[in-house]
Amino acid sequence: QNAGAVLLMRYTRSMPGETEFITQTAVIMQEMFKGLACVAILMATEGTISSAWEKKDEALKTGVPALLYLAQNNLQYVAVGMLDAATYTVTYQSKTIWSGIFSVFLLGRVLKTQKWAGLAMLSVGVGVVQVTGVQKAKEQQAAEDDDDMARQRVTGFFVIVAAAAISSLAGVYFEKILKGVRVSLWTRNLQLAFYSVLTATVPLYVSGNVGLVLERGFFYGYTPMTWTCIAMNAGGGLLVGTVIKYADAVTKDVAIGASIVFSSIASTQLFGFEISTAFVVGCFMVIYSVFLYGERATCCGLLAKS
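Residues numbered from 1 in each chain as written. Predicted model: local features only at pLDDT ≥ 70, side-chain atom pairs only at ≥ 80, totals over all residues. Heavy atoms only, no water.

Caption draft 1: Up close: the side chain of N209. Following the sequence through the fold, N209 ends up in the loop between α10 (201-206) and α11 (210-216). For N209, the contacting residues outside a window of four places in its chain are I22, Q24 and L204. (Helix = DSSP H or I, 4+ residues; strand = E, 2+ residues; numbered from the N terminus. Contact = heavy atoms within 4.5 Å.)

This is the structure in structure tokens:
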């Protein structure tokens, strides 16, 4: 899902005929999709959605990750237009670093030395990938005399790191409230979608795109690929809650590491991305570090020897 979402978002923000839609409306629609899915599941399992508002104090707590996820979603749409899909995906893996840090402070977890080593390797790997991207931008700048390219990549880097940190904070906080009180997963997800739809209108006003929406219509520029991208992101939101419920926020970010391989390979065919030796090294470091953090590296080594 993560690999598919990255590639679809990149496609809808870069290909001719796919860039006319207003990104803030797409964020609103993906939250609407999530909410409708939760309503359908709750009606099928409980016959009512009243459980979402029975405990008002718990419902209010869900507003915090909703605001954080809203910021993350909008930052992702900004960054994906500035970075190639492979660099975007690998850099976004800094979420694992942030999740580890926030889990220590918010959940009181103690991280072993091997886990911190995994986080350190992940940081270096992300840095290697980003440096190769900046070098490519400089080469293209020298060839095309385009000063905006390098600046755009640097800006995209900081935007996606911010999105990763916000996403991790939201995930760890959501884990805290999800496992703290006996409230069903789909009730929490419905609360989250409700708040997200309300707060998603704020960036629409701040960006000044309300006038365009009123003039052209809410769904102006939508194509079948736009709807596919929205559905993919909505499904990802539901998957995140499920993984956090049955595992934890850090494991969720570690598992996403596998998507690097898929999106990197696919981007070479879809967007003409050229994988350099340095990128392969950085990508390998990132992938190995997520296994190291998940304390699977030793097991993999033993299996290889056997």
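Caption draft 2: Structural view of the packing of aromatic side chains. Enumeration according to the criterion identifies eleven aromatic pairs in this entry. A centroid spacing of 6.1 Å and a plane angle of 25° characterise the contact between W98 and F102, whose relative ring orientation is stacked. Placement of the pair is W98 and F102 together in helix α6 (residues 95-107), with a separation of four residues, close to one helical turn. Overall, the relative accessible area of 28% leaves W98 in the partly exposed class. Ring-pair connections join several aromatic residues into one group, and the members of that group are F21, F33, F218, F219, Y222 and W227. (Phe/Tyr/Trp six-rings, centres within 6.5 Å; stacked < 30°, edge-to-face > 60°. Buried < 20%, exposed > 50% of the residue type's maximum accessible area, 1.4 Å probe, protein only.)

Caption draft 3: Representation of helix α2 (residues 23-45) within the structure. The first and last C-alpha atoms of α2 sit 33 Å apart over 23 residues, in line with the 33 Å expected at 1.5 Å per residue. Where α2 terminates, the next one or two residues include G47, which has phi positive at roughly 80°. (Expected span 1.5 Å × (residues − 1).)

Caption draft 4: Highlighting the nonpolar core. One finds M9, A26, Y77, Y88, I160, L204 and Y222 to be the most contacted residues of the largest nonpolar core, which totals 28 residues. Listed by contribution, the elements that provide at least two residues to this core are α1 (2-12), α2, α4 (63-80), α8 (147-180), α11 and α12 (224-246). Considering each element in turn, this core owes the most residues, five residues, to α8. Discounting chain neighbours no more than four positions away, the residues touching A26 are F21, Y77, Y222 and I230. In terms of nonpolar packing, the next biggest core, distinct from the first, is built from 13 residues, I97, V129, V286 and Y293 among them. (Core = buried A, V, L, I, M, F, W, Y, C linked by side-chain atoms within 4.5 Å.)

Caption draft 5: The arrangement of a nonpolar patch on the surface in detail. Among the surface-exposed residues, M32, F33, F219 and W227 lie close enough to one another that they form a single nonpolar patch of about 340 Å² accessible area. Inspection of the secondary structure puts F219 in the loop between α11 and α12. For F219, a relative accessible area of 42% gives the class partly exposed. (Patch = residues over 30% accessible without salt bridge, like charges linked within 9 Å, V, L, I, M, F, W, Y side chains within 5 Å. Areas by Shrake-Rupley, 256 points an atom, 1.4 Å probe, with all protein chains shown as cover. Salt bridge = Lys/Arg side-chain N within 4 Å of Asp/Glu carboxyl O.)

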